[in-house]
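# Structural overview for review
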Amino acid sequence: MALVPCQVLRVAILLSYCSILCNYKAIEMPSHQTYGGSWKFLTFIDLVIQAVFFGICVLTDLSSLLTRGSGNQEQERQLKKLISLRDWMLAVLAFPVGVFVVAVFWIIYACDREMIYPKLLDNFIPGWLNHGMHTTVLPFILIEMRTSHHQYPSRSCGLTAICTFSVGYILWVCWVHHVTGMWVYPFLEHIGQGARIIFFGSTTILMNFLYLLGEVLNNYIWDTQKTAKLK
């Protein structure tokens, strides 16, 4: 038996994301006042994705509790749709985007923090909030994957969806640069046009790889558990 029910964990994670978003939006930073506001940063978009995802998880748990034993077929159909939406969001957005943000941020930060998170930001963003945005995302999504089985969509549909998201965000970043003359991330200022194309292409490939990694990890966790139960 789990020490803490997964339903309680989801509520706690949802509340933590709401707190992080509220604290982040309350910060008076110059970049928040420029074109695109917070929405030009993938970190902020990821926080919204995670909050919406765990909100759907909590809603699914509540609906399951209310539907249990009711015998209402319409309610059961609606619950199945909610579960399908939850599973789709984890597969296509919450896992690949969340892991991408954590991995890419800390890799670039380790190489040269000024390229991704200038020291100046320490005057605005406390350390705990930085970790809330760029670190805890990974353990939270792994906890969710470990505690609940998620049905992945067909591989072609999933990869098409994550490619659409990746290309859409790249186009958004390019549009912000077109309007303001400045790149969203400082390191993009220091590399050439060809290197930027290679970087954008690489990020799309990485997103696709993370989608496949999530699918393999999900199957491994639940196939292992199924085998253990059979033994």
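Counting restarts for each chain, with residues numbered from 1 along the sequence as it is written. Local features in this predicted model are restricted to residues whose pLDDT is 70 or higher, and side-chain atom pairs enter the listing and the counts only when it is 80 or higher, whereas totals over whole chains, interfaces and linings include all residues. Side-chain descriptors were evaluated using all non-hydrogen atoms of the structure, hydrogens and water having been removed beforehand.

To keep it simple, the criterion reads: UniProt positions are given in the numbering used here, feature names are shortened, and annotations may be inferred rather than shown by experiment.
In the annotation of an unreviewed UniProt entry, the protein is listed under the name Androgen induced 1 and assigned to Sciurus vulgaris. Here the protein is described in UniProt, under the heading Subcellular location (unreviewed entry), as follows: "Endomembrane system". A UniProt comment under Sequence similarities (unreviewed entry) is attached to the protein, and it reads "Belongs to the AIG1 family."

## Here we look at the environment of tryptophan 222
Let me state the cut-off plainly: Secondary structure elements follow DSSP: runs of H or I of four or more residues count as helices, runs of E of two or more count as strands, with numbering from the N terminus. Should any heavy atoms of two residues lie within 4.5 Å, those residues are counted as being in contact. Pairs of N or O atoms are called polar contacts if they sit within 3.5 Å, as long as, within protein, a hydrogen donor faces a hydrogen acceptor (for residues adjacent in sequence, only side-chain-to-side-chain pairs).
Turning to its location among the elements, tryptophan 222 is positioned in helix H8 (residues 193-230). A sequence separation of 72 residues divides tryptophan 222 from histidine 150, and the C-alpha atoms of the two residues are 9.2 Å apart. When sequence neighbours within four positions are dropped, the list of residues in contact with tryptophan 222 reads Met145, Arg146, Thr147, Ser148 and His149. Separated by 3.4 Å, the side chain of tryptophan 222 and the backbone oxygen of serine 148 make a polar contact.

## With respect to the nonpolar core
Selection rule: By nonpolar core we mean a set of buried residues, namely Ala, Val, Leu, Ile, Met, Phe, Trp, Tyr and Cys, connected to one another through side-chain atoms within 4.5 Å. Three exposure classes are used, based on accessible area relative to the maximum for each residue type with a 1.4 Å probe and protein chains only: buried under 20%, partly exposed in between, and exposed over 50%.
One finds Tyr17, Leu42, Val97, Phe165 and Tyr185 to be the most contacted residues of the largest nonpolar core, which totals 64 residues. Secondary structure elements with two or more residues in this core: helix H1 (6-26), helix H3 (42-67), helix H4 (73-112), helix H5 (127-134), helix H6 (137-147), helix H7 (155-180) and H8. Filtering out sequence-adjacent residues up to four positions away, tyrosine 185 remains in contact with Lys40, Phe41, Leu42, Met115, Ile116 and Tyr169.

## Re the pattern of salt bridges
Selection rule: For this document, the term salt bridge refers to a Lys or Arg side-chain nitrogen within 4 Å of an Asp or Glu carboxyl oxygen.
All told, the structure shown has five salt bridges when counted by the stated rule. Here aspartate 61 and arginine 10 are joined by a salt bridge, their closest N and O atoms 2.8 Å apart. Here arginine 10 lies in helix H1 and aspartate 61 lies in helix H3, a separation of 51 residues in the sequence. For the pair aspartate 61 and arginine 10, a shared accessibility class is recorded, and that class is buried. Taken together, the shared-partner salt bridges in this structure form one network comprising Arg10, Asp61 and Glu144.

## Describing H7
Put simply, the rule is: To estimate the expected span of a helix, count its residues, drop one, and scale the result by 1.5 Å.
Compared with an ideal rise of 1.5 Å per residue, which puts 26 residues at 38 Å, H7 spans 37 Å between its outermost C-alpha atoms and is within 8% of the ideal. Of the positions making up H7, those classed as buried are Gly158, Ala161, Ile162, Phe165, Ser166, Tyr169, Ile170, Val173 and Val176. Of the residues one or two after H7, glycine 181 is the one with positive phi, at around 80 degrees.

## Here we look at the layout of surface pockets
Condition: With a 1 Å grid spanning the protein atoms alone, the term cavity applies to any set of points in which a 1.4 Å probe fits but cannot get out, the term pocket to an open set with protein on both sides within 12 Å along at least five of seven lines, and the term lining residue to any residue with an atom within 4 Å of a point. Grid points are joined across faces, edges and corners, and a volume is the space filled by probe spheres set on the points. Three classes are used: nonpolar for Ala, Val, Leu, Ile, Met, Phe, Trp, Tyr, Cys and Pro, charged for Asp, Glu, Lys and Arg, and polar for all others, with Gly counted as polar.
Considered as a void within the structure, the largest pocket measures approximately 990 Å³ in volume. Lining the largest pocket are 43 residues; nearest its centre among them are Phe41, Ile116, Val184, Tyr185 and Pro186. Looking at the lining of the largest pocket, the elements with two or more residues in it are helix H2 (30-33), H3, H4, H5, H7 and H8. If one sorts the elements of the lining of the largest pocket by residue count, H7 sits on top with seven residues. Counted by class, the lining of the largest pocket contains 34 nonpolar, seven polar and two charged residues.

## So, the packing of aromatic side chains
Quick reminder of the rule: When two rings of Phe, Tyr or Trp (its six-membered ring) have centres within 6.5 Å they constitute a pair, described as stacked for plane angles under 30 degrees, edge-to-face for angles over 60, and tilted for the intermediate range.
What the rule picks out here adds up to 17 aromatic pairs. A connected cluster of aromatic rings, assembled from ring pairs, spans Phe41, Trp183, Tyr185, Phe187, Phe199 and Phe200.

## Some details on a nonpolar patch on the surface
The criterion, for reference: Note that patches include only residues with greater than 30% relative accessible area and no salt bridge, and the join distances are 9 Å for like charges and 5 Å for nonpolar side chains (Val, Leu, Ile, Met, Phe, Trp, Tyr). Residue burial considers only the protein chains on display, and all accessible areas are found by Shrake-Rupley using a 1.4 Å probe.
Side chains of Tyr35, Trp175 and Val179 sit close together on the surface and give an oily, nonpolar patch of about 280 Å² of accessible area. Mapped onto the elements, tyrosine 35 comes out in the loop between H2 and H3.

## Remarks on the environment of cysteine 22
Residue placement: cysteine 22 occurs in helix H1. As for cysteine 22 and methionine 182, which are separated by 160 residues in sequence, their C-alpha atoms are 27 Å apart.

## Observations regarding the UniProt feature "transmembrane region" (unreviewed entry) in the protein
UniProt's entry tags residues 42-67, 88-108, 128-145, 157-178 and 198-221 with the feature "transmembrane region" (unreviewed entry), counted in the numbering of this structure. The span residues 88-108 is 100% helix and 0% strand, and its two end C-alpha atoms sit 29 Å from each other. Counted over residues 198-221, helix gives 100% and strand 0%. Its end C-alpha atoms are 34 Å apart.

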